Structures are given as structure tokens and as C-alpha cells.
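Observations on the model geometry
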Amino acid sequence: MVKVRIQLPLNISRGIEEMLKEHIEANREEYQREIDFVHHSHKCGTEGETGPQADIMIGFIPDLAQQTDEYILGHMLSAPGRFPIRKELRDSGFVDPRGCFHTFGIVPFVMFYNPYYTDAAEIPRSWNELLEPQWQGRVMMPGKQHIAPRVIRAVLKQQNPGRARAVDENITYSGMPPNVIEAVKSGKFALGAANITFGKISQSQKIKMFWPEEGLLCMPQVIAWSKGLDESLLKLGDFMLSPKVQNFLIQQTFYPAAPAAEPPEILRNNHAVLKWTGWDDFRTAMKNSES
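The following paragraphs examine the structure supplied in this document. (Residues numbered from 1 in each chain as written. Predicted model: local features only at pLDDT ≥ 70, side-chain atom pairs only at ≥ 80, totals over all residues. Heavy atoms only, no water.)

The description of an aromatic ring pair uses the distance of the two centres, along with the angle that the planes make with each other. On inspection of all chains with the given rule, the structure shows 8 aromatic pairs. Pairing Trp276 with Trp279 gives two aromatic rings, centres 5.3 Å apart and planes at 80 degrees, and the pair type is edge-to-face. Look at Trp276 and you get buried, because its relative accessible area is 12%. We classify Trp279 as buried; its relative accessible area is 4%. Site record: aromatic cluster; members linked through ring pairs are Phe94, Phe101, Trp276, Trp279 and Phe282. (Phe/Tyr/Trp six-rings, centres within 6.5 Å; stacked < 30°, edge-to-face > 60°. Buried < 20%, exposed > 50% of the residue type's maximum accessible area, 1.4 Å probe, protein only.)

Pasting the structure below:
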């Protein structure tokens, strides 16, 4: 029995899992193994040196990213170049140099505000500006167990070690993404941050997204295999880069990784870029982050 662990944003997790199950059922003879899905709480906890308890990991797996190089190279399959992605993503460092994490899509994070309560001239021009004193207690994100706050907190603290306290003094973490939208809509908080799907939803409620000058913080969604699995299981990676999955990601305003897939129109129209400093920096930030 091969165990597959899925840990994706809430708005795509069920859809991707259903697609995978349908794909596996339709191609059962090719996979040559029984495949089961491991269900877990949405909390992004650390499982320690024993590593993630699954054979294949899909999505955002923080306890895998936090492992040492020795663990990853000793336990995870390395297949560099097996799953090509868009050139601009390669050039920006979204290819894992160890060939273990294979990016199939990217979740951008956005900030938004209600212009009725917050003047457009006041909004920050960069993520680091969220740590300025005027934003103390005025920014809201979903609860710490969700992907956006987990990544944003880790990156902001790594990039601003002298202002790490301000990350939690300025930002309130609570509830689900819709709660963040409602809090900004009502004026309870001046700014909100979440994955771009919820930022786009907020625009229907007269809330505006804005685009930091340095780009959108983001989280690659990956697939990774443990060593020793049958080579036929690599076809799951081909499926994650297939038009069916890639189009589903685009519909959610996520950035597709397949070479032939075009980014969502809203990202193209706003000339949005992704703020990413590479796998080594990201893994360091996650290792230093709180669970």
C-alpha cells in the first residue's frame, strides 16, 4: 500500500484529491500499486526527525521542508529535470537544486484593504512595511495553522531579525480567510492578508487588493516521493502538471508551473511578480519558524 499525503490550501484540497482519485482509478493498471490517501488535521505541525509519515507528499508539507539536507537526500527520491516548469519560474529559483521537491503550482499571497476606512496613500508598498509602528494591531491574517500566515510570518521574521516581535505585535492571527475579509470589510482591521483566491473574492465586497512593489510572497506547491517506490508512481507528477490540474489552479488564481500554462489574467494585467529567494532561504525560514 502506497500512502499519499495531501496538504493543500483549503480552497483546492478537496478538488485536487478528487482529481487524483479519479486519475488513479482510470489508470490503475499503470500504477501497479494500491494507493491510499492519508488524512490529517490542517495544522502544520512538525513531526521531528522521523519525517512525514507518507510515501508521497503533495502540496505544502512544512515538516518535510524543515528536515535537514542529510534527511532529505537520504530519504527522498531525487529526480532533477524530470518535471520541467516554466522558464521564468526556473530562472527565479523555483527548481529545487536537490531535485527532491517538484513544483507544480504556486500560491501567491496578497494584502487587501477597505478604501472606506483606510486611505490608499497609507497602504504599505512592501511586506516589510507591515512591521512599522503605525500597523501595530491593525493587520489580520487567518489562524497560524493556515498556509499564508505560516509562510508570511516565517519569511518576515527571517528577513527582519531585529523586528521579529513586530511580526506578532502588528499582525493578529485568527479564524478562517472569510473571517479576515469580514474584519477588513467592517473596518475592524485596516489590512488583511491571505492567499490570492480570497483576496480576489474580497474585491466583490468593495475591498481592494494591492500589489507590493517587491512582488507577492508565495508558497510553491510540490510533489515529492520517498526513495524505493516503483517508478510508475512518478506518473503522478506528470498528472499534477497536466492541463486538468493546471487549469484548476489557474481558476483559483494560482500560478501554474507547467511550461504551456499561462498565469491568470489578473496577475498578467497587474504585472505581478513573485517574491521568492530560493529553496535554501525558504527552508531556513521554515526551520526557524514556530510550529
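A few words now on the pairing of strand 9 (residues 216-225). The buried count for strand 9 comes to 10 of 10 residues, which makes it a mostly enclosed element. Because side chains alternate across strand 9, one face comprises the buried residues Leu216, Cys218, Pro220, Val222 and Ala224, and the other comprises Leu217, Met219, Gln221, Ile223 and Trp225, equally buried. Examined bridge by bridge, strand 3 (residues 56-59) and strand 9 share 4 bridges and lie antiparallel to one another. Within strand 9, the position partnered with Ile56 by the bridge is Trp225. Of the pairings in the sheet, the one linking strand 4 (residues 102-113) to strand 9 comprises 6 bridges and is antiparallel in character. Across the sheet, the residue bridging to Thr103 is Val222, located in strand 9. (Helix = DSSP H or I, 4+ residues; strand = E, 2+ residues; numbered from the N terminus. Pairing = 2+ DSSP bridges.)

Turning next to the state of the cysteines. Per the counting criterion, the structure on display carries 0 disulfides. Its sulfur unpaired, Cys100 is 20 Å from the next cysteine sulfur, which belongs to Cys218. Residue classification places Cys100 among the buried residues on the basis of a relative accessible area of 1%. (Disulfide = S-S within 2.5 Å.)

Quick look at the pattern of salt bridges now. Overall, the coordinates contain 18 salt bridges when judged by the stated rule. Measuring nitrogen to oxygen at the nearest pair gives 2.9 Å for the salt bridge that ties Arg82 to Asp238. Separated by 156 residues along the polypeptide, Arg82 in the loop between helix 4 (69-75) and helix 5 (87-91) and Asp238 in helix 10 (residues 235-240) bring together distant segments of the chain. Taking relative accessible area as the criterion, Arg82 reaches 33% and is therefore assigned partly exposed. Exposure remark for Asp238: the relative accessible area of 34% places this residue in the partly exposed category. For Arg98, the salt bridge goes to Asp280, with nearest N and O atoms at 2.9 Å. Note that Arg98 is positioned in the loop between helix 5 and strand 4 and Asp280 in helix 13 (residues 279-288), a separation of 182 residues in sequence. (Salt bridge = Lys/Arg side-chain N within 4 Å of Asp/Glu carboxyl O.)

Note: strand 1 (residues 2-7) against strand 3, 4 bridges, orientation parallel. Following the sheet pairing, Ile6 is matched in strand 3 by Ile58.

With that settled, the discussion passes to helix 11 (residues 243-251). Residues Val245, Gln246, Phe248 and Leu249 constitute the buried set of helix 11. Each buried residue of helix 11 lies within a common arc of 160 degrees when the element is viewed along its axis, so the set occupies one face. Residues of helix 11 that are exposed and angled more than 90 degrees away from the buried face: Pro243 and Gln251. Residues of helix 11 that are buried sit in contact with helix 1 (10-26), strand 4, helix 10 and strand 10 (255-256). Note on helix 11: the residue one or two positions beyond its end, Thr253, has a positive phi of about 70 degrees. (Arc of directions from axis to C-beta. Contact = heavy atoms within 4.5 Å.)

Looking at where Gln67 falls in the secondary structure, it is placed in the loop between helix 3 (62-65) and helix 4. What makes Gln67 buried here is its relative accessible area of 2%. On a C-alpha basis, the gap between Gln67 and Leu233 in space is 23 Å, while along the polypeptide they are 166 residues apart. A polar atom in the side chain of Gln67 sits 3.1 Å from the backbone oxygen of Asp63. (Polar contact = N/O pair within 3.5 Å; in protein donor to acceptor, adjacent residues only side chain to side chain.)

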